[in-house]
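Observations on the model geometry
Chain residues, written in single-letter form:
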Amino acid sequence: MYKKIKTNDGSYTLYNSKFDENYHSISGAVQESYHKFIFPCKILFSKQKISILDIGFGLGLNCFCTLFYISKISTEKKKVIFYSFENDIDLFNNLNEELYLNNDKNDNFDLSFIEFFLSKLKNKLNDINIKNNINDDENSFYIEYSYQNIDVKHYFFIGDVRKFNFENLNYDICYHDPFSFHNNLELWTYDFLKKIIKNLNFFFLTYSFSLPFLNSVNNLKLDLFEIDPIGRKTPSILAIKKSNFLNCFKFNLSVYKPLNDIYYKYLKSKSAICYFDKKFDLNNDQIKENRVELVSNSNLESLSKIKKTCKLSPK
Ligand SMILES: C[S@@+](CC[C@H](N)C(=O)[O-])C[C@H]1O[C@@H](n2cnc3c(N)ncnc32)[C@H](O)[C@@H]1O
């Protein structure tokens, strides 16, 4: 089910046969993590205490690279809280030191820490009894550890992230890193995005540039910014709860590149109609089928018609 793949920056990722997808871009797994998720959050890492919702723990690269980066840019004592969600329990048995071996050719990668982390995580998983199909507190636990100047409390929620209760969680950042839009649609619906954005303080990061996804985040009143693409043609996305952010930070958002205006025109087309999963119980095909009906009943203009009337064309 999993196959080890070497990516172009020397780091490894896995290929997942069920999704027929790699966990990271072939252009560089570690590079992707820094570029799409970590670097855009630099300003928030100046906080003494930072909490991160990590959707799709996978190989854990987003969490590891966050710690390596924070420890590098800061001399003060820091506290990091991760809330990591993963529904593939078998994956954990496939995470071993060798998978991260070549990563230490990348700057900022600490292999000895990964070994320590994996043994701590596996000990915990051996101690507890993860139950299939139970998506509540019984399938969650935390581990505590330190990395250099950072004290970490790392919560794990094992099961379908849609089913967990988020009411009591509050987080500064969300790394939204599921499999691709069309394969893992249940994590790209308007309803799921609404659920995770509700308790978000500041930054939401992800990599899809599909119109229904952009439309969902736009409807949820976040400000959208483009992160320059790597390993693919389209940019990835930083969405900000702007008023929260400006209340807490004296920081000029002009360093970020706002979503090109043309996309707001495209969001008025049929092609941008959102996907829905109100009760969090639909599978990929059901979510797709329901939207086909919404699109066919819609009076909105087609994307091609809107594109013809727009002078500016996106890069
Ligand atoms: C692209 S990979 C994440 C890579 C990871 N962020 C990293 O840094 O290595 C997507 C992950 O999302 C997980 N996933 C997919 N659907 C899920 C769901 N409904 N609930 C929880 N996790 C899910 C997959 O099992 C997979 O590990």
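As a convention, each chain's residues are numbered from 1 in the sequence order in which they are written. At least 70 in pLDDT is required for a residue's local features to be given in this predicted model, at least 80 for side-chain atom pairs to be given and counted, and no such filter applies to totals for whole chains, interfaces and linings, which use all residues.

Some details on the overall build of the protein
Only DSSP runs of H or I covering at least 4 residues are called helices, and only runs of E covering at least 2 are called strands; the numbering of each starts at the N terminus. When helices and strands are tallied, the protein shows 10 helices and 12 strands. Each radius of gyration reported is based on C-alpha atoms, and the globular scaling rule is 2.2 Å times the count of residues to the power 0.38. A compact globule built from 315 residues should have a C-alpha radius of gyration of about 20 Å, and the protein, at 20 Å, falls within 12% of that. With the C-alpha coordinates aligned to their principal axes, the bounding extent of the protein is approximately 55 × 45 × 40 Å. Once C-beta atoms are placed from the backbone, each residue is buried if 20 or more other C-beta atoms lie within 10 Å of its own, exposed if 12 or fewer, and partly exposed for counts between those two. Residues classed as buried in the protein amount to 35% of the 315 residues present. Working definition of a contact: two residues with C-beta atoms, positioned from the backbone, lying within 7 Å. For the protein, long-range pairs separated by at least 24 residues make up 69% of all intrachain contacts whose partners lie at least 6 apart in sequence.

With respect to the sheet that holds strand β1 (residues 2–6)
Paired strands, in this sense, are two strands between which DSSP finds at least two bridges. What the three strands build is an open sheet, ordered β1-β2-β3; its pairing is antiparallel. Looking at strand neighbours, the two that pair on one side only are β1 and β3 (21–22), the edges of this open sheet. Judged from the two bridges that link them, strand β2 (residues 12–16) and β3 form a sheet pairing that is antiparallel. Bridge pairing in β3 links N16 to E21.

Quick look at the nonpolar core
Looking at soluble globular proteins, one finds that nonpolar side chains tend to be buried together. What we call a nonpolar core is a set of buried Ala, Val, Leu, Ile, Met, Phe, Trp, Tyr and Cys residues whose membership is set by joining through C-beta atoms within 7 Å. Counting 68 residues, the largest nonpolar core has I55, I173, C174 and F203 as the members making the most contacts within it. With seven residues, the single largest contributor to this core is helix α2 (residues 61–73). With residues near it in sequence (within four places) discarded, F203 still touches C41, L44, I173, L238 and I240.

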